2 protein chains.
Amino acid sequence: MPQTHLRSATRYGNRPTMKDVAARAGVGLKTVSRVVNGEPGVTPETERRVQEAIDALGFRRNDSARVLRKGRTASIGLVLEDLADPFYGPLSRSVEEVARAHGALLINGSSAEDPEREQELVLALCARRVDGLVVIPAGDDHRYLEPELKAGVATVFVDRPAGHIDADVVLSDNFGGARDGVAHLIAHGHRRIGFIGDMPRIHTAAERLRGYRAAMEDAGIPVADSWMSLGVTDPERVRRAAGEMLSGPDPVTAVFAGNNRVTVTVIRVLAEQTRRVALVGFDDIELADLLQPGVTVVAQDAAEIGRTAADRLFRQLDGILVTPERIELPTRLITRGSGEIPPAD
Amino acid sequence: MPQTHLRSATRYGNRPTMKDVAARAGVGLKTVSRVVNGEPGVTPETERRVQEAIDALGFRRNDSARVLRKGRTASIGLVLEDLADPFYGPLSRSVEEVARAHGALLINGSSAEDPEREQELVLALCARRVDGLVVIPAGDDHRYLEPELKAGVATVFVDRPAGHIDADVVLSDNFGGARDGVAHLIAHGHRRIGFIGDMPRIHTAAERLRGYRAAMEDAGIPVADSWMSLGVTDPERVRRAAGEMLSGPDPVTAVFAGNNRVTVTVIRVLAEQTRRVALVGFDDIELADLLQPGVTVVAQDAAEIGRTAADRLFRQLDGILVTPERIELPTRLITRGSGEIPPAD
DNA sequence: TAGAGCCTGGACAACGTTGTCAGGCTCGGG
DNA sequence: CCCGAGCCTGACAACGTTGTCCAGGCTCTA
């Protein structure tokens, strides 16, 4: 019995509880609770005594117990691909900002594009009873979330729709953006245009590829297989892919890069070329305007996407929304030079 | 009484509890707990029945209750300045990676360089009983953390030391890095070198300024006041500051930029100059090698800093460390061209 | 076949907080 | 002087889980 007491006392390294504060202030437990939560009905004198005890003991309310009692954690989870990616930093920050406005904290997790890890993270967040989830999906089957949705966990998907479940999704107009970007190249006289992008099993990559194809078809240009390189993002392979489409029997005069990582590598490759090759990239990159030439991109607004998703999440939590929706945000073509280079052949 | 039951049932939107699972499986509550936690002492047959009930009900353990009971949350907090800053993304990611290896989740918070907000965030994290804290300080007085430290919250400061308390800190060798960077300019013949940095009340800024002064003094070069611009980071003011030191009566032939944001703006200003001015920046920036000329920088390894800090945090949690230490990580001078431009005067 | 020992399962308290409710006090009016 | 209204205060249960402890049934051996 004394042992039990000892253990409980060292539990959080001797953290005082409301009971301790109450004892020291000579009041009841509930009175302490009232003071801590700013509830009315406490005499100034009593409040002063309690506050004194709180300061003296360094008391800090235990939110775990509070959550258990109240059922709301005032925290939301954000599962994304990789926080180190410059696209996700601002996105995460804007989600945090909205959460903060609603008094909630943000728990971040990186899935590293691994579906299993995504599920693991999401379920861990659910076990902590986050009030809501913003998920940038890595996998394409999210039925494992059904019990959670039924239990009332607000959920918004971002960047790619959820697989096999009906949920809100906020994303950029990947198709339209890519189509416009490629059309821009065509408008500048290009016909042999290369495409380097991620695996089509990734929704954004598939949509952008579709946009590329649509633009080419609209212009009546048949696409050669050698112009497309899919499932390629690591620098080494992008380098090889770009090299091939630039030197083949039917060399391209322009390249459309499917995402920011690809764009960066393509810039490097093009810098080594003697021939001038046009480039439009999907996603903006920092300092793109300072390069020679400036890099023309199809930009998405990561912060705006995050804000929109988080807004929707909290509206779900307020019980305002019921029907899952798909929200597509427009992209913006930013011309800086690289996309306006005329074909050299 | 029936009302109470109704409320409890709708608490988390009808989330099943171990009690519900136990009832459905026809076993005791504790048996469910054992199955969920993989504890021994359950027949395969019983386990099967329990597992079935769990799946049927979509049960997910409530970690809030678990935490309350066990005293460990398996989560750590990271308070930084701004997750959208390219320096902090990789840092956060590497902290997350270490946390993950220890089975912990990461809660992120951005202080926006506001001391009050920092404190608010840190205390909110403490109320949630995070096991540990990694803090990039915004304020310079952290005595408010004393009760927490005493209560056993592991804490590591990053980038700047804690104020008025004794705690671990992991940072770059800001002084040495800046001194080396400036010495590099001096070695290339410069004598009139400008310095643009943040307010000296920020530790890193002060250290870098000290490094600048040390390098100049080592070379026996007296520093003119008009060469130094402190407390300047927003583009507009950097622009003005740079303009002044480039056009004054005693114009500089080289600039040392105190952080990544300053560097970017200075690059823009220099690009507009006819005269060629040398530049070395503190912090690496993306694509720095693709610019004309490439940007010479003093680089810190954000990921390594995060990893080191998180490692130390968990070592504290394992009870291995006792004495707070200051760990300084080396910086690396990366020459790319802009720092090797000879003085033009 | 009886007893010892092991294995499985369940009852119960506790973690720290908050919602409910009732008791006691003060104050003013009749 | 008494009574009711209104304000403070505190006792108590409950949130969902896990640690402790004990009971009952089984196996194995003598």
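Each remark here, short or long, concerns the structure printed above.
Everything quoted here is computed from the prediction, not taken from an experiment. (Residues numbered from 1 in each chain as written. Chains lettered and ligands numbered in written order. Predicted model: local features only at pLDDT ≥ 70, side-chain atom pairs only at ≥ 80, totals over all residues. Heavy atoms only, no water.)

Topic: the interface of chain B and chain A
Accessible area lost when the parts come together is the quantity often used to give the size of an interface. With 62 residues of chain B in contact, the opposing surface of chain A contributes 62 residues. The junction of chain B with chain A conceals about 5700 Å² of combined surface from both sides, 51% of it contributed by carbon and sulfur atoms. Contact with chain A buries area across many residues of chain B, yet B:Arg60, B:Arg128 and B:Arg129 alone supply 13% of it, more than any other trio. Applying the counting rule to chain B against chain A returns 12 salt bridges. On the surface where chain B and chain A come into contact, there are 26 residue pairs in polar contact (both at pLDDT 80 or more). The set of elements that each furnish at least two residues to the side of chain B that touches chain A consists of helix H5 (63-70), helix H6 (88-101), strand S2 (105-110), helix H7 (115-127), helix H8 (146-150) and helix H12 (260-271) of chain B. Class assignment of the residues belonging to the side of chain B that touches chain A gives a composition of 28 nonpolar, 12 polar and 22 charged. (Contact = heavy atoms within 4.5 Å. Buried area = accessible area lost by both parts, 1.4 Å probe. Salt bridge = Lys/Arg side-chain N within 4 Å of Asp/Glu carboxyl O. Polar contact = N/O pair within 3.5 Å; in protein donor to acceptor, adjacent residues only side chain to side chain. Helix = DSSP H or I, 4+ residues; strand = E, 2+ residues; numbered from the N terminus. Nonpolar A, V, L, I, M, F, W, Y, C, P; charged D, E, K, R; others polar.)

Examining helix H4 (residues 44-57) of chain A
Residue and element names in this part refer to chain A. Look at H4: 20 Å from first C-alpha to last across 14 residues, which is about the 20 Å you get at 1.5 Å a residue. Of all the residues in H4, the buried ones are Thr-46, Val-50, Ala-53 and Ile-54. Buried residues of H4, seen end-on, are gathered within an arc of 100° and therefore sit on one face of the element. Along H4, the residues that are exposed and aim more than 90 degrees away from the buried face are Pro-44 and Asp-55. On its buried face, H4 is in contact with helix H2 (18-25) and helix H3 (29-36). Where H4 terminates, the next one or two residues include Gly-58, which has phi positive at roughly 65°. (Expected span 1.5 Å × (residues − 1). Buried < 20%, exposed > 50% of the residue type's maximum accessible area, 1.4 Å probe, protein only. Arc of directions from axis to C-beta.)

Here's the deal with the packing of aromatic side chains
Within the structure shown, the criterion is met by six aromatic pairs over all chains. Their ring planes at 15° and their centres at 6.1 Å tell us that A:Phe195 and A:Phe256 sit as a pair that is stacked. Taken together, the positions of A:Phe195 in strand S6 (residues 193-196) and A:Phe256 in strand S8 (residues 254-257) put the pair 61 residues apart, joining distant regions of the chain. For the pair A:Phe195 and A:Phe256, one class covers both residues: buried. The residue whose ring lies beneath A:Arg208 is A:Phe282, and the NZ or CZ to ring-centre distance is 3.9 Å. Sitting above the plane of the B:Phe175 ring, B:Arg210 keeps its charged end 4.1 Å from the centroid. (Phe/Tyr/Trp six-rings, centres within 6.5 Å; stacked < 30°, edge-to-face > 60°. Lys NZ or Arg CZ within 6 Å of the ring centre and 35° of its normal.)

By themselves, these observations are geometric and do not establish any function.
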